[in-house]
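Survey of secondary and tertiary structure
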Amino acid sequence: MSAASAVAAYCLIQKGSPLSAASNSAFAKTYSGFLFDMDGTIINSIAAAERVWGNWARAQGLDVEKFMPTMHGKRGVDTIGQLNLPGVDPVAEALKITEAEIADVEGVVALPGAVDFLASLPPERWAIVTSSPYRLALARLDAAGIPVPRFMVTAEDVKVGKPDPQGYILGAQRLGLSPSECLVFEDVLAGVKAGEAAGADVVVITATHSHPIETNHTTLQNYENIRAHVDGNGKLSIIRKG
């Protein structure tokens, strides 16, 4: 590839082109299963999450603006534990925050096209792998109008959260697959690293990003311009509409 072509391909990825020009495009492959992160990937819960976490951070005397980007895509107990705050029990604080988040689902919505895209998939071939606790995941899926899937991995199911690959390895196992047979849908760096470490291909959803994410993976703004296809061998793929 020429230098000019490489730059053009990179720019397409950064803009979230419906069909990435990168050689590792997920559009060029078929998969046995799809694994979806939840917050920021199939639903938008940023406003609700930042209300709750912002209040907690202020109560702890933290710089809210600097703290907020660190809490997305990870388990609450991991986020709090990494702060090493004196006298703060990460488990107890994470439980308090979870209850507050369950009580506040105002503004939680599905990403454009997500409901129809998920409904088109064979139910035994996809799973949600989220850093959210189970009860919070149920509350947010309900608020967004997304039915609870047959298979789901939540914060309680793993000993170590993202970017550790445990969640995606377990998600693939629940589908009866290896991670290398799956396509992971993610939105933040911790989740992307988890998918990579598991050995899966990754698609990055950019709908809730305030700034372009730097990645060599295929990117999609949302699900409006794609649809799922199941071939004669039962393999899944994503293709552009029209």
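Sequence order sets the numbering: in each chain, residues are counted from 1 along the sequence as written. Side-chain atom pairs in this predicted model are given and counted only at pLDDT of 80 or more, local residue features only at pLDDT of at least 70, and totals for whole chains, interfaces and linings cover all residues. Just so you know, side-chain values use all the structure's heavy atoms and leave hydrogens and water out.

- Looking up the protein in an unreviewed UniProt entry gives the name Sugar-phosphatase, with the organism given as Rhizobium miluonense.

**Description of the pairing of strand 7 (residues 201-205)**
- The buried fraction of strand 7 amounts to 4 of the 5 residues, a majority that puts the element mostly inside the structure.
- Sheet topology places strand 6 (residues 182-186) next to strand 7; 4 bridges connect them, and they run parallel. Looking across to strand 7, one finds that Leu183 is bridged to Asp201.
- One ladder, built from 3 bridges, connects strand 7 with strand 8 (residues 218-220); its direction is parallel. For Val203, the partnering residue across the bridge sits in strand 8 and is Thr218. Exposure categories follow from relative accessible area, calculated using a 1.4 Å probe and restricted to protein chains: below 20% of the type maximum is buried, above 50% is exposed, and the middle band is partly exposed. Put simply, DSSP marks the helices as runs of H or I at least four residues long and the strands as runs of E at least two long, and each gets a number from the N terminus on. When DSSP finds at least two bridges between two strands, those strands are taken to pair.

**Concerning the pattern of salt bridges**
- A side-chain nitrogen of Lys or Arg and a carboxyl oxygen of Asp or Glu constitute a salt bridge if their distance falls within 4 Å. Applying the stated criterion across every chain, the model contains 10 salt bridges.
- Note that Asp37 and Lys162 form a salt bridge whose closest N and O atoms lie 3.0 Å from each other. Note that Asp37 is positioned in the loop between strand 1 (33-36) and strand 2 (43-44) and Lys162 in the loop between strand 5 (152-153) and helix 8 (166-174), a separation of 125 residues in sequence.
- The exposure class assigned to Asp37 is buried, which follows from its relative accessible area of 4%.
- With a shortest N-O distance of 2.9 Å, Asp39 and Arg140 are connected by a salt bridge. You can see Asp39 sitting in the loop between strand 1 and strand 2 and its partner Arg140 sitting in helix 7 (residues 134-144), a full 101 residues away along the chain.
- With relative accessibility at 3%, the residue Arg140 sits in the buried group.

**As for the packing of aromatic side chains**
- When the centres of two rings from Phe, Tyr and Trp lie within 6.5 Å, Trp using its six-membered ring, the rings pair. Their planes under 30 degrees apart give stacked, over 60 give edge-to-face, and anything left gives tilted. Applying the stated criterion to the full structure yields 13 aromatic pairs.
- Between the aromatic rings of Trp56 and Phe67, the centroid separation amounts to 5.9 Å while the plane-to-plane angle is 45 degrees, which identifies the pairing as tilted. Taken together, the residues span a long stretch of sequence, with Trp56 in helix 2 (residues 46-59) and Phe67 in helix 3 (residues 64-67) at a distance of 11 residues.
- For the pair Phe117 and Tyr223, a centre-to-centre distance of 5.3 Å together with 35 degrees between the ring planes defines the contact as tilted. One end of the pair, Phe117, is in helix 6 (residues 114-119); the other, Tyr223, is in the loop between strand 8 and strand 9 (226-230), and 106 residues separate them in sequence. Judged on exposure class, the residue Phe117 and its partner Tyr223 are both buried.
- Three or more aromatic residues joined by ring pairs make a cluster, and in this case those are Tyr31, Phe34, Phe36, Phe117, Trp126, Phe185 and Tyr223.

**Looking at the sheet that holds strand 5**
- Pairing is parallel in the open sheet, where 6 strands are placed in the order 5-4-1-6-7-8. Looking along the sheet, the strands with just one partner apiece sit at the ends: strand 5 and strand 8.
- In the packing of helix 9 (residues 189-198) onto the sheet, contacts are made with strand 6 and strand 7, and the angle to strand 7 comes to roughly 165 degrees. For this analysis, residues touch if any pair of their heavy atoms sits within 4.5 Å. Helix axes are fitted to C-alpha atoms over the stretch in contact, other axes to C-alpha atoms as well, and angles between N-to-C directions run from 0 to 180 degrees.

**Describing the environment of Ala48**
- One can find Ala48 in helix 2.
- Judged by relative accessible area, Ala48 falls into the buried class, the value being 1%.
- Residues Ala48 and Val105 lie 57 residues apart in sequence; the distance between their C-alpha atoms is 5.9 Å.
- Not counting residues within four places of it along the chain, the set of residues in contact with Ala48 comprises Asp104, Glu106 and Val108.

**Concerning the environment of Ser45**
- Position of Ser45 relative to the elements: it lies in the loop between strand 2 and helix 2.
- A C-alpha to C-alpha distance of 18 Å links Ser45 and Pro149, two positions 104 residues apart in sequence.
- Residues contacting Ser45, with those up to four places away along its chain left out, are Asp39, Val108 and Arg140.
- A polar contact is formed between the side chain of Ser45 and the side chain of Asp39, at a distance of 2.5 Å. Polar contacts, as used here, are pairs of N or O atoms within 3.5 Å; protein pairs need one atom able to donate a hydrogen and one able to accept it. Residues neighboring in sequence count only if both atoms are side-chain atoms.

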